[in-house]
Every structure is written in C-alpha cells, then in structure tokens.
Amino acid sequence: MKIYCPFVGVLWKRRLIVLYKEIFRKSIHLCSCFVPLLLKSFYKTTIVLLVIAAVFYSLAQFLALKGKRLPLISDISDMAARERDRGKFALGPLTLVFGIVASALLFSPKAASVGIFALAFGDGLASLAGKFLGNLHIPHTGGKTCAGSLVCLTAIFISSFCVLGRADAALVLALCGMLIEVLPLKDFDNILIPLLLGALAQRLYV
C-alpha cells in the first residue's frame with residue numbers, strides 16, 4: 001500500500017521548478033558564447049543590440065517593482081528569476097551584458113573571446129553542475145560545490161585552449177577563473193570573470 005505525502009510532493013515540485021529556472025537562466029548564459037562570433041562580422045551592431053537589450057531589461061525590472069509588466073521581456077525575466085531576486089531588481093542579466101560589452105570594448109578579439117567564453121562555459125556550466133551533481137559543498141562560498149568548480153576549471157581550460165592554442169596559458173586562465181567563480185560574488189562574477197581573464201589573456205598571452 002502506497003502512502004502519499006503531500007509535503008514530499010510539494011518539495012519535489014519546488015525542486016523541479018528551481019532546476020527548470022536554473023536550466024533556462026543558464027541557457028541564456030551559455031548563448032553568450034555566440035557573441036565573439038557575432039563581433040567578428042557585426043561588431044558595432046552586436047554591441048548596440050546588447051546595450052538595447054540591457055535597457056529594455058532594466059525598464060522591465062523597474063516596471064515590475066511597480067506592479068507593471070513589459071510584454072515578453074517580463075515573461076522571460078520571470079522564467080529566469082531566482083528565488084532570492086523575488087521582489088527585487090535582478091542584476092544577473094544586466095551584469096552579464098556589462099561584462100560582455102566591456103570585454104569587447106577593452107580587449108583584442110582573442111582576449112575578449114577568452115573572457116566571454118569563460119563566462120559562458122565556465123560560469124554557466126559550473127552552476128548547472130552544482131545544481132545536479134553538487135553534493136559536496138565548499139565552506140564559506142555561499143553554496144558553491146566541488147563539482148561546479150571542477151566543471152568550471154575544465155570548461156575554461158578547453159575554451160581558452162581553443163582560442164589561444166596554448167595549454168600553459170589555458171591552465172593559468174582556468175585556475176584563475178575557477179578561483180573567481182568560487183567566491184561568493186552573487187551576480188558580480190558576470191563582470192569579474194570576463195574582465196579579469198580577458199585582461200590576463202591580453203597582458204600575458206595575446
């Protein structure tokens with residue numbers, strides 16, 4: 001005889017919602033890997049479109065705080081929002097765009113690609129790995145996991161090696177990226193990862 005426990009059912013439902021939101025949110029994160037390719041052919045257009053997207057997102061967030069909605073953008077924001085962002089201005093998408101645009105403007109194409117790919121793959125896949133595989137947490141990191149950090153290290157190493165063609169450079173960048181990602185920076189790692197790794201690649205390897 002099976003016994004149904006409504007409390008367990010609610011917990012599983014909430015867990016699935018959290019995972020769904022994380023997958024949707026990080027799919028947007030991962031899509032930023034296409035930006036370096038777009039910058040090669042449509043540099044100014046890509047920058048302008050990213051800035052416009054940030055402006056509309058900010059407008060949608062301000063309207064949401066006043067109980068109003070902006071069609072489509074508000075729906076996407078709701079689907080990607082974390083529980084901690086409920087009732088607040090969610091900075092994640094804004095810092096993501098800022099990190100990408102700043103990297104594109106400040107660094108050479110190769111260095112900018114290193115930083116943007118690190119953000120897209122390293123930070124994006126680390127979060128998903130932490131949600132699905134992260135049973136072992138790293139102390140004093142705000143919930144970061146060993147699985148997430150290892151995936152971050154691997155993803156940045158591979159993407160940096162593909163751009164630079166140097167294993168030593170890729171390893172240094174991957175270690176630095178992993179150390180940044182493991183810090184409890186909330187959404188500001190979207191800025192620090194592409195800018196610091198892009199600057200390091202520009203200074204030492206490009």
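Look up a bit, the structure's there.
Residues numbered from 1 in each chain as written. Predicted model: local features only at pLDDT ≥ 70, side-chain atom pairs only at ≥ 80, totals over all residues. Heavy atoms only, no water.

A. Highlighting the overall build of the chain. Scanning the chain for helices and strands turns up nine helices and zero strands. For the chain, the N- to C-terminal ordering of α and β elements is α-α-α-α-α-α-α-α-α. Burial status across the chain gives 42% buried among its 206 residues. Long-range pairs, those at least 24 residues apart, make up 72% of the contacts in the chain between residues at least 6 apart in sequence. In the form shown here, the chain has an accessible surface area of approximately 12000 Å², with 73% of it arising from carbon and sulfur atoms. (Helix = DSSP H or I, 4+ residues; strand = E, 2+ residues; numbered from the N terminus. Buried < 20%, exposed > 50% of the residue type's maximum accessible area, 1.4 Å probe, protein only. Contact = heavy atoms within 4.5 Å. Areas by Shrake-Rupley, 256 points an atom, 1.4 Å probe, with all protein chains shown as cover.)

B. Just the pattern of salt bridges, in detail. The full count for this structure, using the stated rule, is two salt bridges. Ionic pairing is found between Glu181 and Lys144, a salt bridge with its closest N-O pair at 3.8 Å. Highlighted residues: Glu181 in helix α8 (residues 167-182) and Lys144 in the loop between α6 (109-133) and α7 (146-164), separated in sequence by 37 residues. One salt bridge connects Asp168 with Arg166, and the closest N-O pair in it is separated by 2.9 Å. Relative accessible area serves as the criterion here: at 44%, Asp168 is assigned to the partly exposed category. On the accessibility criterion, Arg166 (34% relative accessible area) is partly exposed. (Salt bridge = Lys/Arg side-chain N within 4 Å of Asp/Glu carboxyl O.)

C. View of the packing of aromatic side chains. All told, the structure shown has two aromatic pairs when counted by the stated rule. When the centroid spacing of 5.9 Å and the interplanar angle of 35° are considered together, the rings of Phe117 and Phe121 count as tilted. Pair noted here: Phe117 and Phe121 are both in helix α6, with a separation of four residues, about one helical turn. Judged by its relative accessible area of 27%, Phe121 falls in the partly exposed class. Note on Phe157 and Phe161: the rings are 6.4 Å apart at their centroids and 10° apart in plane angle, and the pair reads as stacked. Taken together, the residues Phe157 and Phe161, both in helix α7 and four residues apart, mark about one turn of the helix. When its relative accessible area of 29% is taken as the criterion, Phe157 is described as partly exposed. The class of Phe161 is partly exposed, set by a relative accessible area of 38%. (Phe/Tyr/Trp six-rings, centres within 6.5 Å; stacked < 30°, edge-to-face > 60°.)

D. Region of the structure containing the nonpolar core. Core analysis: the biggest nonpolar cluster contains 36 residues, and Ile100, Leu164 and Leu173 have the highest contact counts within it. For this core, the elements supplying multiple residues, two or more each, are α2 (35-41), α3 (43-65), α5 (92-106), α6, α7, α8 and α9 (189-204). Not counting chain neighbours up to four residues away, the residues in contact with Leu173 comprise Val114, Ile156, Ser160, Leu164, Leu197, Leu200, Ala201 and Tyr205. (Core = buried A, V, L, I, M, F, W, Y, C linked by side-chain atoms within 4.5 Å.)

E. Local environment of the side chain of Ser159. Looking at where Ser159 falls in the secondary structure, it is placed in helix α7. Apart from residues lying up to four places away in sequence, Ser159 is in contact with Phe117, Ala118 and Phe121.

F. Structural context of the environment of Cys146. Looking at the element boundaries, Cys146 is found in helix α7. When its relative accessible area of 28% is taken as the criterion, Cys146 is described as partly exposed. Expressed as a C-alpha distance, the spacing of Cys146 and Ala126, which sit 20 residues apart in the sequence, is 9.4 Å. Filtering out sequence-adjacent residues up to four positions away, Cys146 remains in contact with Leu136 and Ile138.

Spatial relationships are all this shows, so hold off on functional conclusions.
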